[in-house]
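Next come the chains, spelled out residue by residue.
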Amino acid sequence: MFSSLRFGYSRRWRMSCHRTAGVEGEHMDVDEFRARAREFLAANAPESLGDRAPAEVLREAKRFQAAAYDAGLAGITWPAEFGGQGRTAAEQQAYDAEAAHYDLPSSPFMIGMGMCGPTLLDLGTPEQKARYLPKLLRGDEIWCQLFSEPGAGSDVASLQTRAVRESGGGWVINGQKVWTSGAQWSDFGALLARTDPDVPKHRGITMFIVDMHAPGVTVRPLRDMTGRAPFNEVYFDDVRIPADSVIGEVGGGWLAAVTMLGHERVSIGGTVRRGSDPLSYDNLVELARRRGRAEDPVVRGRLAEIYAQEKALGLFNSRLRQEAEAGSPPGARGSVSKLAGALLLWRAVDTAGLIAGPELAAWEPGDAAAEEMAIAINSTPASSIAGGSNQIQRNIIGERILGLPKEPQVDRDVPFRELKVGTQRPA
């Protein structure tokens, strides 16, 4: 699929790679900015966190994020008025290239920085942006995304979590969410809830900001076969939120969801393959050397494909960032990024299996590298589901980019109350 993508850069992009404008008119050469990032990372990036307790990792993550914010290296392309640096995609790319050499504790902030924050920038009120974005960028507050439910996975619009307006203008939330990453350490969440069951399912949804520490919010971990709990289920029992918690418009939650999913797909597909990633090209090459397979022509061919696809995906995401900076959101092209990233990850897993053979599943006690590889492989199936399954991404690409006919949806114009969805409760 990479052969069909075009990566031509505009004159504006080429020029921005040489000199860019920063905060308050400050001019900085991209190479100078890269050197500044390199110096900061050398002084502040933590040592490997792989064997530390989750609470310690979270503390270290917050320390590093605060330091990056104070150094002007957080929210590089975000508007300065909301805590960002107002710089260009070229400088973001320079920082990412330097950060790829470190195992940074960024995972607690990925959803806030990559999904919730950009959606607030697009749809939030000035008050919401001023209240939440600076603290999000500094790592003082962590965010999660509350979309999926037991009966609403790929078909998010079938969600049953309800929000009922109170006489004073606030809302009461009841329902359940599932597969929520990072809910256990989040301070706020972007929640989709049904506010009108008398209209078709896509038109009766609203997005809210919900305080994850509010009375009635319960977070329960979902453990996988490794014993880790990367996901959670979240319950809302008469959770009260204020009237100004709405993101966008009441009843406009589907637009808000599509906006956030677009950012999510770019974020997932554009995740920098850090040197600590066991399935990155560099580490697969090292694995081939350790196993004596580096000269095997089949292995070399697979590695060459992974190298080319990593580079192509990186260029495509740079193009999306450049266009977003110019005011053109990624839209359906975010699905290209997400699908390409998921397929690349599966190819990397297949290549790791080809290189290591049975040893990939059985290793000597204390072999940390092999254990990290096993955890990475165990997590790979989620890449084909998170942010919308591969099948959903192909539908989006086919319909919205290639112009193919839409699949029939017999329930699209039926009021939600009349649909038989899971164990739907009457309103």
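Residues numbered from 1 in each chain as written. Predicted model: local features only at pLDDT ≥ 70, side-chain atom pairs only at ≥ 80, totals over all residues. Heavy atoms only, no water.

The next thing to look at is the overall build of the chain. A count of helical and extended segments in the chain gives twelve helices and ten strands. Put simply, the chain has 427 residues, and 46% of those count as buried. Counting every atom, the chain has about 20700 Å² of accessible surface; 53% of that belongs to carbon and sulfur. (Helix = DSSP H or I, 4+ residues; strand = E, 2+ residues; numbered from the N terminus. Buried < 20%, exposed > 50% of the residue type's maximum accessible area, 1.4 Å probe, protein only. Areas by Shrake-Rupley, 256 points an atom, 1.4 Å probe, with all protein chains shown as cover.)

This paragraph deals with the packing of helix H8 (residues 281–290) against helix H9 (residues 297–325). Packed helices, taken two at a time, are described by the angle between their axes plus the distance between the axes. Relative to each other, H8 and H9 sit at 165°, their axes nearing to 10 Å. Comparing their axes, H9 and H8 come out roughly antiparallel. Considering the relative orientation of H8 and H9, their crossing is left-handed. Along the contact surface, H8 presents Tyr281, Leu284, Val285 and Ala288, while H9 presents Val299, Leu303, Ile306, Tyr307 and Glu310. Residue composition of the contact of H8 with H9, grouped by class: eight nonpolar, no polar and one charged. (Axes fitted to C-alpha atoms, helices over the stretch in contact; angles between N-to-C directions. Parallel < 35°, antiparallel > 145°, perpendicular 65-115°, else oblique. Left-handed = near helix turned anticlockwise from the far one by under 90°. Contact = heavy atoms within 4.5 Å. Nonpolar A, V, L, I, M, F, W, Y, C, P; charged D, E, K, R; others polar.)

Moving on, we get to a nonpolar patch on the surface. Together, Ile401, Leu402 and Leu404 line one region of the surface with nonpolar side chains, adding up to about 290 Å² of accessible area. Looking at where leucine 404 falls in the secondary structure, it is placed in the segment after helix H12 (390–401). (Patch = residues over 30% accessible without salt bridge, like charges linked within 9 Å, V, L, I, M, F, W, Y side chains within 5 Å. Salt bridge = Lys/Arg side-chain N within 4 Å of Asp/Glu carboxyl O.)

What follows covers unusual backbone geometry. Positive phi values are uncommon outside glycine, yet tryptophan 179 reaches one of about 60°. Within the element layout of this structure, tryptophan 179 appears in the loop between strand E5 (171–177) and strand E6 (188–194). With a relative accessible area of 54%, tryptophan 179 lands in the exposed category. Look at aspartate 238: it is not a glycine, yet its phi comes out positive at around 55°. Relative to the helices and strands, aspartate 238 resides in strand E9 (residues 231–241). For aspartate 238, a relative accessible area of 47% translates into the label partly exposed.

The final tally for this structure, using the stated rule, is 18 salt bridges. The shortest N-O distance in the salt bridge between arginine 34 and glutamate 98 comes to 3.3 Å. Of the two residues, arginine 34 sits in helix H2 (residues 30–44) while glutamate 98 sits in helix H4 (residues 89–99), which places them 64 residues apart along the sequence. On the basis of relative accessibility, which here comes to 26%, the residue arginine 34 falls in the partly exposed class. Here glutamate 98 falls in the buried class, since its relative accessible area comes to 9%. Among the ionic pairs, aspartate 296 bridges to arginine 293, the shortest N-O distance being 2.9 Å. Through salt bridges with shared partners, one network takes in Arg34, Arg38 and Glu98.

Judged by nonpolar contacts, the single largest core of 27 residues is most densely connected at Leu120, Trp143, Phe147, Leu192, Met207, Ile209 and Met260. Those elements that provide at least two residues to this core are helix H5 (110–123), helix H6 (126–138), E6, strand E7 (205–211) and helix H7 (253–269). Setting aside its immediate chain neighbours within four residues, methionine 260 contacts Met115, Cys116, Thr119, Gln145, Phe147, Ala190 and Met207. Residues Leu287, Ile306, Ile355 and Ala376 belong to the second largest nonpolar core, which totals 20 residues. (Core = buried A, V, L, I, M, F, W, Y, C linked by side-chain atoms within 4.5 Å.)

All right, on to the side chain of asparagine 232 then. Note on placement: asparagine 232 falls in strand E9. Separated by 2.7 Å, the side chains of asparagine 232 and glutamine 184 make a polar contact. Each residue touching asparagine 232, except ones within four places of it in the same chain, is listed here: Lys177, Val178, Trp179, Thr180, Ser181, Gly182, Ala183, Gln184, Val219, Arg220, Pro221 and Leu222. (Polar contact = N/O pair within 3.5 Å; in protein donor to acceptor, adjacent residues only side chain to side chain.)

Below, the discussion takes up the state of the cysteines. The tally for this structure, following the rule as stated, stands at zero disulfides. Note on cysteine 116: no disulfide assigned, nearest cysteine sulfur contributed by cysteine 144 at a separation of 7.0 Å. Taking relative accessible area as the criterion, cysteine 116 reaches 1% and is therefore assigned buried. Look at cysteine 144 and you get buried, because its relative accessible area is 0%. (Disulfide = S-S within 2.5 Å.)

Let us now look at the environment of serine 318. Inspection of the secondary structure assignment puts serine 318 in helix H9. Taking relative accessible area as the criterion, serine 318 reaches 1% and is therefore assigned buried. Taking the C-alpha atoms as reference points, serine 318 and alanine 90, 228 residues apart in sequence, are found 8.2 Å from one another.

Take glutamine 128: it is sitting in helix H6. Taking the relative accessible area as the measure of exposure, glutamine 128 reaches 4% and is therefore buried. In this structure, glutamine 128 is in contact with Leu120, Leu133, Ile209, Asp244, Ser245, Val246 and Ile247, ignoring residues within four places of it in sequence.

What follows deals with the packing of aromatic side chains. On inspection of all chains with the given rule, the structure shows seven aromatic pairs. Three or more aromatic residues joined by ring pairs make a cluster, and in this case those are Tyr132, Trp143 and Phe188. If you follow arginine 194 out to its NZ or CZ, it ends over the ring of phenylalanine 416, 3.6 Å from the centre. (Phe/Tyr/Trp six-rings, centres within 6.5 Å; stacked < 30°, edge-to-face > 60°. Lys NZ or Arg CZ within 6 Å of the ring centre and 35° of its normal.)

In the contact formed by helix H10 (residues 333–356) and H12, the axes pass within 9 Å of each other and the chain directions differ by 145°. Here the hand of the crossing between H10 and H12 comes out left-handed. Across the interface between the two elements, Arg333, Ser335, Val336, Lys338, Leu339, Ala342 and Leu343 from H10 touch Asn390, Gln393, Arg394, Ile396, Ile397 and Ile401 from H12. Of the residues that constitute the contact of H10 with H12, the class distribution is seven nonpolar, three polar and three charged.

The α-helix winds at 3.6 residues per turn, so residues separated by three or four positions along the chain end up facing the same way. With 24 residues, H10 should cover 34 Å at 1.5 Å per step; its first-to-last C-alpha distance of 35 Å lies within 8% of that length. Across the 24 residues that make up H10, a large majority, 17, are buried. Following H10 by one or two positions, glycine 357 has its phi on the positive side, about 60°. (Expected span 1.5 Å × (residues − 1).)

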